[in-house]
Amino acid sequence: MKVLIVGNGGRESAIARKLSQDSRINQLYFAKGNATTETLGKNLSYEDIPELVNFAVREKIDFTFVGPELPLVNGIVDEFQKHDLKIFGPTKRAADLEGSKSFSKKFMQDNNIRTANAQIFDSYAEASKFVENHSYPLVIKASGLASGKGVVICEDLDHALHTIHQFMIERIYGDAGLKVVVEEFLKGFETSIIAFWNGEKAFPCISAKDYKKAGNHDTGANTGGMGSVAPSPEFTAAHFADFEKNILEPTVFGIKDNALKFKG
């Protein structure tokens, strides 16, 4: 089998390392890959979707695995499927669960998935007026993809107004900040659980804890991630049972109810 892995981060390196242990796979390609993937297969010099489609057709790629969010949001799965190419990931519509915080927040609210209380704004004036009458701290999120940096914990009104101005007027993250999610601040520990979805059922992995703060001792601004550990040290069996009941199961229902068909 020939397998194409789209992405250039540590996630893609880990996926490649595991796939390289499969005797059925005799060739791995990476778009664009990194220094570690170069030892496992061949790195490609391009990553545009039309070029990858042409490459997959020309080289008769048996299976494509997509790691990053951006090509999924840009519709790489839809384009590959148009050419009857097997690819692992959500369609463009389903990828909005990751690519649009306003879409995912509304999805959670509509499907009774446990989530922080929040309001969604596409008006700078309305967002600014809302935070004037809010208790602090609160969380302001750019709705679109911002490389993990579009989330700000605001300690007071001035910080909130400045953040909204940066996102919606200065557009420091481009179109990602044209719509914002203003959310209540929750205290606790963070845990992430990734699940594989085969189109009918979700298969959750073990828990992981992501460290996002840029400075030592968990201080500073949020980043795309400063490290991770799995399993999450605080996450217990009771927490997992609660996660299944109040997050995973209603998410599965919502995916099916909204016909968000994908395998990824």
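## Brief notes about the packing of helix H7 (residues 124-132) against helix H8 (residues 157-170)
Piece 1. Following both chains from N to C, one finds H7 and H8 inclined at 165°, their axes separated by 10 Å at the closest point. The pairing of H7 with H8 is recorded here as roughly antiparallel in orientation. Seen along the crossing, H7 lies across H8 with a hand that is right-handed. Contact residues: Tyr-124, Ala-127, Ser-128, Val-131 and Glu-132 in H7; Leu-157, Ala-160, Leu-161, Ile-164, His-165, Met-168 and Ile-169 in H8.
Piece 2. For the contact of H7 with H8, the per-class residue count stands at nine nonpolar, two polar and one charged.

## Notes on the sheet that holds strand E5 (residues 87-88)
One key point about sheets: their strands pair by backbone hydrogen bonds, in either a parallel or an antiparallel sense.
Piece 1. Strand order in this open sheet of five strands is E3-E2-E1-E4-E5, and the pairing throughout is parallel. Edge strands, defined here as strands with exactly one partner in the open sheet, are strand E3 (42-43) and E5.
Piece 2. Inspection of the sheet shows strand E1 (residues 2-7) paired to strand E4 (residues 63-66) by four bridges, in the parallel sense. Within the sheet, the bridge partner assigned to Ile-5 lies in E4 and is Phe-65.
Piece 3. Taken strand by strand, helix H1 (residues 10-19) contacts E1, strand E2 (27-32) and E4, and its axis lies near 165° from that of E1.

## A closer look at the nonpolar core
Piece 1. Ranked by size, the top nonpolar core spans 21 residues in total, and within it Leu-4, Leu-44, Leu-52, Phe-55, Ile-76 and Phe-80 carry the most contacts.
Piece 2. The element that contributes the greatest number of residues to this core is helix H2 (residues 49-58), accounting for five residues.
Piece 3. In contact with Ile-76, other than residues within four places in its own chain, are Val-6, Ile-49, Leu-52, Val-66, Pro-71 and Ile-87.
Piece 4. Formed by 14 residues, the second largest nonpolar core is a distinct cluster that contains Phe-121, Ile-140, Ala-142 and Ile-164.

Rules and cut-offs
- Residues numbered from 1 in each chain as written.
- Predicted model: local features only at pLDDT ≥ 70, side-chain atom pairs only at ≥ 80, totals over all residues.
- Heavy atoms only, no water.
- Axes fitted to C-alpha atoms, helices over the stretch in contact; angles between N-to-C directions.
- Helix = DSSP H or I, 4+ residues; strand = E, 2+ residues; numbered from the N terminus.
- Parallel < 35°, antiparallel > 145°, perpendicular 65-115°, else oblique.
- Left-handed = near helix turned anticlockwise from the far one by under 90°.
- Contact = heavy atoms within 4.5 Å.
- Nonpolar A, V, L, I, M, F, W, Y, C, P; charged D, E, K, R; others polar.
- Pairing = 2+ DSSP bridges.
- Core = buried A, V, L, I, M, F, W, Y, C linked by side-chain atoms within 4.5 Å.
- Buried < 20%, exposed > 50% of the residue type's maximum accessible area, 1.4 Å probe, protein only.

None of this, on its own, says anything about what the molecule does.
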